[in-house]
Amino acid sequence: MCSPEHFAVEYAINPWMDVTTPVDAQLAVKQWDRLRETLVGLGHDVHLLTPEAGLPDMVFAANGAFVVDGHVYGARFKHPQRSGEAAAHRAFYEAQGWPFIAPSETNEGEGDFAYLPEAHGGLVLAGHGFRTELPAHAEAQEALGRPVVSLHLIDPRFYHLDVALASIDDENVVYYPGAFSAASQRVLTQLFPDAVIADDSDALAFGLNLVSDGLNVVLNTEATRLAGKLKAAGYHPVPVELGELKKGGGSVKCCIAELRH
Ligand code: ARG
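One structure accompanies this document, and this report is about it. (Residues numbered from 1 in each chain as written. Predicted model: local features only at pLDDT ≥ 70, side-chain atom pairs only at ≥ 80, totals over all residues. Heavy atoms only, no water.)

1. Re unusual backbone geometry
Among all residues save glycine, negative phi is the norm, and among peptide bonds the norm is trans. The backbone phi angle of Asp69 is positive, close to 55°, even though this residue is not glycine. Topologically, Asp69 is positioned in the loop between strand E1 (65–68) and strand E2 (71–74). Taking relative accessible area as the criterion, Asp69 reaches 34% and is therefore assigned partly exposed. For His120, which is not glycine, the phi torsion reads 50° and is therefore positive. For His120, the location among the structural elements is in the loop between strand E4 (113–116) and strand E5 (123–128). (Helix = DSSP H or I, 4+ residues; strand = E, 2+ residues; numbered from the N terminus. Buried < 20%, exposed > 50% of the residue type's maximum accessible area, 1.4 Å probe, protein only.)

2. So, the packing of aromatic side chains
Scanning the model with the defined rule gives 8 aromatic pairs in all. Aromatic side chains Tyr73 and Phe113 sit 6.0 Å apart centroid to centroid with 75° between the ring planes, which places their arrangement in the edge-to-face category. Pair noted here: Tyr73 is in strand E2 and Phe113 is in strand E4, with a separation of 40 residues, a long-range link. Accessibility expressed as a relative area gives 0% for Tyr73, which makes it buried. Both rings, one in Phe158 and one in Tyr176, keep their centres 5.5 Å apart while their planes meet at 75°; by these two values the pair is edge-to-face. Taken together, the residues Phe158 in the loop between strand E6 (148–152) and strand E7 (165–167) and Tyr176 in the loop between strand E8 (173–175) and helix H5 (182–191) connect sequence positions 18 residues apart. Classification of Phe158 by relative accessible area gives buried; the value is 0%. Counting every residue linked through ring pairs, the aromatic cluster contains Phe66, Tyr73 and Phe113. Above the plane of the ring of Phe206 lies Lys246, whose end atom (NZ or CZ) is 5.7 Å from the centre. (Phe/Tyr/Trp six-rings, centres within 6.5 Å; stacked < 30°, edge-to-face > 60°. Lys NZ or Arg CZ within 6 Å of the ring centre and 35° of its normal.)

3. Here's the deal with the layout of surface pockets
The calculated volume of the largest pocket comes to roughly 940 Å³. Around the largest pocket, the lining is made up of 41 residues, and of these Ile256, Ala257, Glu258, Leu259 and Arg260 lie nearest the centre. Among the residues making up the lining of the largest pocket, the classes are represented as 23 nonpolar, 8 polar and 10 charged. (1 Å grid on protein atoms, 1.4 Å probe; cavity = no way out; pocket = protein on both sides within 12 Å on 5 of 7 lines; lining within 4 Å. Points joined across faces, edges and corners; volume = space filled by probe spheres on them. Nonpolar A, V, L, I, M, F, W, Y, C, P; charged D, E, K, R; others polar.)

4. As for the environment of Leu134
Within the fold, Leu134 resides in helix H4 (residues 134–144). Given a relative accessible area of 44%, Leu134 falls into the partly exposed group. Through-space distance from the C-alpha of Leu134 to that of Arg90 is 22 Å; in sequence the pair is 44 residues apart. Every residue in contact with Leu134, bar those within four places of it in the chain, is listed here: His128 and Ser150. (Contact = heavy atoms within 4.5 Å.)

5. Side note on the side chain of Asp112
Tracing the backbone through its elements, the reader meets Asp112 in the loop between strand E3 (100–101) and E4. No salt bridge forms around the buried Asp112; measuring N to O, its nearest opposite-charge neighbour Arg131 is 6.9 Å away. When neighbours within four sequence positions are excluded, Asp112 is seen to be in contact with Leu125, Ala126, Gly127, Arg131, Thr132, Leu153, Tyr159, His160 and Leu161. (Lys, Arg positive; Asp, Glu negative; His and termini not counted. Salt bridge = Lys/Arg side-chain N within 4 Å of Asp/Glu carboxyl O.)

6. Details of the site of the ligand
Around the ligand, the surrounding shell holds 16 residues, and the nearest of these are Arg82, His160, Asp162, Gly248 and Cys254. At a separation of 2.9 Å, a nitrogen atom of the ligand approaches a polar side-chain atom of Asp57. Side-chain polar atom of His160 to a nitrogen atom of the ligand: 2.8 Å apart, as the coordinates give it. Isolated, the ligand exposes 350 Å² of accessible area, and the fraction of that covered by the protein chains is 100%. Its atoms largely coinciding with the cavity grid, the ligand occupies the largest cavity. Each residue belonging to the shell around the ligand can be placed in one class, and the counts come to 6 nonpolar, 6 polar and 4 charged. (Near = heavy atom within 4 Å. Polar contact = N/O pair within 3.5 Å; in protein donor to acceptor, adjacent residues only side chain to side chain. Areas by Shrake-Rupley, 256 points an atom, 1.4 Å probe, with all protein chains shown as cover. Sits in = over half its atoms within 2 Å of the grid points.)

7. Quick notes on H4
Those residues of H4 that sit buried are Ala136, His137, Glu139, Ala140 and Leu144. Down the axis, H4 shows its buried residues gathered within 165° of arc, on one side only. In this structure, the buried side of H4 is in contact with E1, E2, E4, E5 and E6. Within two residues after H4, Gly145 carries a phi angle of roughly 65°, on the positive side. (Arc of directions from axis to C-beta.)

The following block contains the structure:
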């Protein structure tokens, strides 16, 4: 995770960002701290990346890389405003001795990649359409040695896979069908017949931008309806307030890069 000390909406690269809306960076840090404490309280180790002035979206740490089986596939950001973030992530992994694969293709890390270790023997889901480009899916498959299933995102409000779909345990997902092309919806139905289905109000509340340990599902407080659906499906929703970061177009999952040994 990376503290939002320098968080601001200085440019607009997704439909949620409005440069005329004031952002309270102090409140953002407070809310982000609660998220960090929540994860620690659930028993997770949280490593911190040092935020850098001039990189106001660095709090969205999910975008910096994608890690599977201890191998790191680096990010290459679409927008120049964020491209400087990739080096900070790379330095973090290299300092910890993780094998790092530098990307040639445009991709925004866990923003557009998800991993399900127990689905079909270990499956990567990958989004394209707005940020990550299709050739990066093939590059990730070669880098990580896991099958990558490409999914086409078609709604600009859900510009990253992680605002439209999330793994809720090692083999199942929750997703908002409307974010995907008709063909990609069929692919998801085939792969995940037991998926939890979200509706547009769940998605607009950033409910899909969640992290789960298989039981506890940490998600945005606004997503009360989705929390109810997850509860009915046997999960334990843990709501966290992240209203300030929503102004940047992100929530819980965007703030977290998962380290998969
Ligand atoms: N303002 C950031 C951007 O548009 C938000 C990134 C959100 N991160 C995510 N993993 N969805 O790039």
